[in-house]
Amino acid sequence: MIDEIQLLAKQYAPEMIEVRRYLHAHPELSYQEFETSKYIQKQLTALGIPFEVKAITGVVGLLKGKNPEKRVIALRADMDALPIQELNDVSYRSVNDQVMHACGHDVHTSCLLGAAKILNATKDQWEGTVKLVFQPGEEKNPGGASLLINEGVLENPAPSAILGLHVHPGLGVGKLSFREGKVMASADELYFTIKGKGGHAAAPNLCVDPILIAAHVVVALQQVISRRNNPQNPTVLSITAINGGTTTNVIPDEVKLKGTFRAMNEEWRFEAHEIIRSFSEGVVKGMGGELDLHIDIGYPSVYNQEALTQQATLLAKKYAGEEQVEETEIRMGAEDFGYYTQQIPGCFYRLGVMNEERGITAGVHTPTFNVDENAIELGMGMMAWLAIAADLTKIKA
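Below: a short report on this structure. Remember, predicted model here, so these are calculated numbers, not experimental data. (Residues numbered from 1 in each chain as written. Predicted model: local features only at pLDDT ≥ 70, side-chain atom pairs only at ≥ 80, totals over all residues. Heavy atoms only, no water.)

Scanning the protein from terminus to terminus reveals nine helices and 16 strands. Against the 2.2 N^0.38 benchmark of 21 Å for 397 residues, the protein shows a C-alpha radius of gyration of 24 Å, consistent with a compact globule. C-alpha atoms of the protein, sized along the principal axes, occupy 80 × 45 × 40 Å. Across the 397 residues in the protein, those meeting the buried criterion constitute 55%. Summed over all atoms, the accessible surface of the protein reaches about 17,100 Å², with 50% contributed by carbon and sulfur. Side chains of the protein carry 36 positive and 49 negative charges; the gap between the two charge centres is 3 Å. (Helix = DSSP H or I, 4+ residues; strand = E, 2+ residues; numbered from the N terminus. Rg over C-alpha atoms; globule rule 2.2 N^0.38 Å. Buried < 20%, exposed > 50% of the residue type's maximum accessible area, 1.4 Å probe, protein only. Areas by Shrake-Rupley, 256 points an atom, 1.4 Å probe, with all protein chains shown as cover. Lys, Arg positive; Asp, Glu negative; His and termini not counted. Charge placed at Lys NZ, Arg CZ, Asp CG, Glu CD.)

Structure representation (structure tokens):
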């Protein structure tokens, strides 16, 4: 069916580009995707695809081919935007102040809607059921994936595998990339409050200086990475904010630190939390202060199941051409797709959207991020092809 899917993808691409432009112009923040949700529901209704609304704004469609009980696979797209003011001078620039689709979720949603249209047009030619998961809140804890899972998105019917794509601004348009195993990191947020005893800066002997303590904590925490972690185990610990004090001659009572901890190994991840806590408490108490540490558990790491990803890579080479498929690099960025891969076999792959000749090179989460929209034709066709061509009998959960 490759030829037919490619033909339909080419035919539907102009419409899906317009869908993308509408979504791009009307972005909504995490868990506030009310109009986006309504728009998706309208699109599915027009195709005659039944759906349910879950996690308030999430939309889960169910598309059945021949013998719908024979196999079930899920396709996922996120749909929230970021609190960024767009600087692109384009006709479809965001009309919502300080909100922008700066991570390509508008493209993801358009590709899934396009795949749904292709699959719906060919449903008498393939077997099984395809679950269409339009997910809210990927950009913000606790992650829309976790909410959908709690509301049964992986049940009734239960998919044997789940596939998701993400735009890649460092990969040329027309290309795809895959990687087996560990592909993205977990992400946990660190919040420290270091309490001391404030006073006059000219009399530090009468104070317990939380700024000095904080400086020692920041340095000590680097030992978690340099001396307690296996060098072959990718890990990041970054302190990204220090807040304390207001003037030059007063030692404050407290200092607040914020940071992030990222890991590829789930066992080490939680072991490291305890090391972070013990290191910090040791330094703070040893210098006479008190510590309040909150570790906000975020997304788990993304693990691409080997058998599924091997299949997807081979199928991609058949669809797009061997020279168009590359290996995805390991990234310490996080994605709540990891919640799905903790439950069932999953494959999270990349869609190239860069076009250097047209100056489309800006990274995600920047105010000038944009994509070469020609990527949508490949993105939607690839999703549809993988959904019906993957042999789920060869994938072990």
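Taken as a whole and judged by the stated rule, the model has zero disulfides. Between Cys-103, a cysteine without a disulfide, and Cys-111, which holds the nearest cysteine sulfur, the sulfur-to-sulfur distance is 14 Å. Classification of Cys-103 by relative accessible area gives buried; the value is 8%. (Disulfide = S-S within 2.5 Å.)

Attention shifts here to the packing of aromatic side chains. Taken as a whole and judged by the stated rule, the model has five aromatic pairs. With a centroid separation of 5.0 Å and 15° between ring planes, the pair formed by Phe-178 and Tyr-349 is classed as stacked. Taken together, the residues Phe-178 in strand β6 (residues 176–178) and Tyr-349 in strand β16 (residues 346–354) connect sequence positions 171 residues apart. These aromatic residues form a ring-pair network of at least three members: Phe-337, Tyr-340 and Phe-348. (Phe/Tyr/Trp six-rings, centres within 6.5 Å; stacked < 30°, edge-to-face > 60°.)

With that out of the way, let us pick up the nonpolar core. The biggest cluster of nonpolar side chains holds 68 residues, and the ones touching the most others in it are Leu-75, Leu-119, Leu-132, Phe-134, Phe-178, Tyr-349 and Met-382. Here this core gets eleven residues from one element, more than from any other, and that element is helix α9 (residues 375–389). (Core = buried A, V, L, I, M, F, W, Y, C linked by side-chain atoms within 4.5 Å.)

What follows is about the sheet that holds strand β12 (residues 254–263). Spatially, β10-β12-β8-β13 is the arrangement adopted by the four strands of the open sheet, whose pairing is antiparallel. Bordering the open sheet on either side are β10 (235–243) and β13 (290–296), each of which pairs with just one other strand. Adjacent strand axes in the sheet meet at a mean angle of 20° when their direction is disregarded. Here seven bridges tie strand β8 (residues 188–195) to β13, and the two strands are oriented antiparallel to one another. Its bridge partner lying in β13, Lys-195 is registered against Glu-290. Lying over the sheet, helix α6 (residues 266–286) contacts β8, β10, β12 and β13, oriented at roughly 165° with respect to β13. (Pairing = 2+ DSSP bridges. Axes fitted to C-alpha atoms, helices over the stretch in contact; angles between N-to-C directions. Contact = heavy atoms within 4.5 Å.)

Moving on to the packing of helix α1 (residues 2–25) against helix α2 (residues 34–47). For the pair α1 and α2, the least separation of the axes is 11 Å and the interaxial angle reads 160°. Taken together, the axis directions place α1 and α2 in an arrangement best described as roughly antiparallel. In terms of crossing hand, the pair formed by α1 and α2 is right-handed. Across the interface between the two elements, Val-19, Tyr-22 and Leu-23 from α1 touch Thr-36, Tyr-39 and Gln-43 from α2. Of the residues belonging to the contact of α1 with α2, the class tally is four nonpolar, two polar and no charged. (Parallel < 35°, antiparallel > 145°, perpendicular 65-115°, else oblique. Left-handed = near helix turned anticlockwise from the far one by under 90°. Nonpolar A, V, L, I, M, F, W, Y, C, P; charged D, E, K, R; others polar.)

Further remarks concern the side chain of Asn-88. Turning to its location among the elements, Asn-88 is positioned in the loop between β3 (72–78) and α3 (105–121). At 3.1 Å, the side chain of Asn-88 forms a polar contact with the side chain of Glu-86. With residues up to four places along the chain from it excluded, the contact list for Asn-88 reads Arg-93, Met-100, Pro-367, Thr-368, Phe-369 and Asn-370. (Polar contact = N/O pair within 3.5 Å; in protein donor to acceptor, adjacent residues only side chain to side chain.)

What follows is about the sheet that holds strand β2 (residues 58–64). The strand order across the open sheet formed by eight strands is β1-β2-β4-β3-β5-β16-β6-β15, and the pairing between neighbours is mixed. Both edges of this open sheet fall to β1 (51–54) and β15 (325–327), since each of them pairs with a single strand only. Direction aside, the axes of adjacent strands within the sheet are offset by 25° on average. For β2 and strand β4 (residues 129–135), the ladder comprises six bridges, and the chain directions are antiparallel. Paired with Gly-61 across the two strands is Leu-132, which belongs to β4.

For the rest of this paragraph, the subject is the packing of α1 against α9. Between α1 and α9, the least distance of the axes is 7 Å, while the angle of their chain directions is 130°. When the axis of α1 is compared with that of α9, the two are oblique. Where α1 crosses over α9, the two elements pack in a sense that is right-handed. Where α1 abuts α9, its residues Ile-2, Ile-5, Gln-6, Ala-9, Lys-10, Tyr-12, Ala-13, Met-16, Ile-17 and Arg-20 lie against Ile-376, Glu-377, Met-380, Gly-381, Ala-384, Trp-385 and Ile-388. Its residues assigned to classes, the contact of α1 with α9 comprises twelve nonpolar, two polar and three charged.

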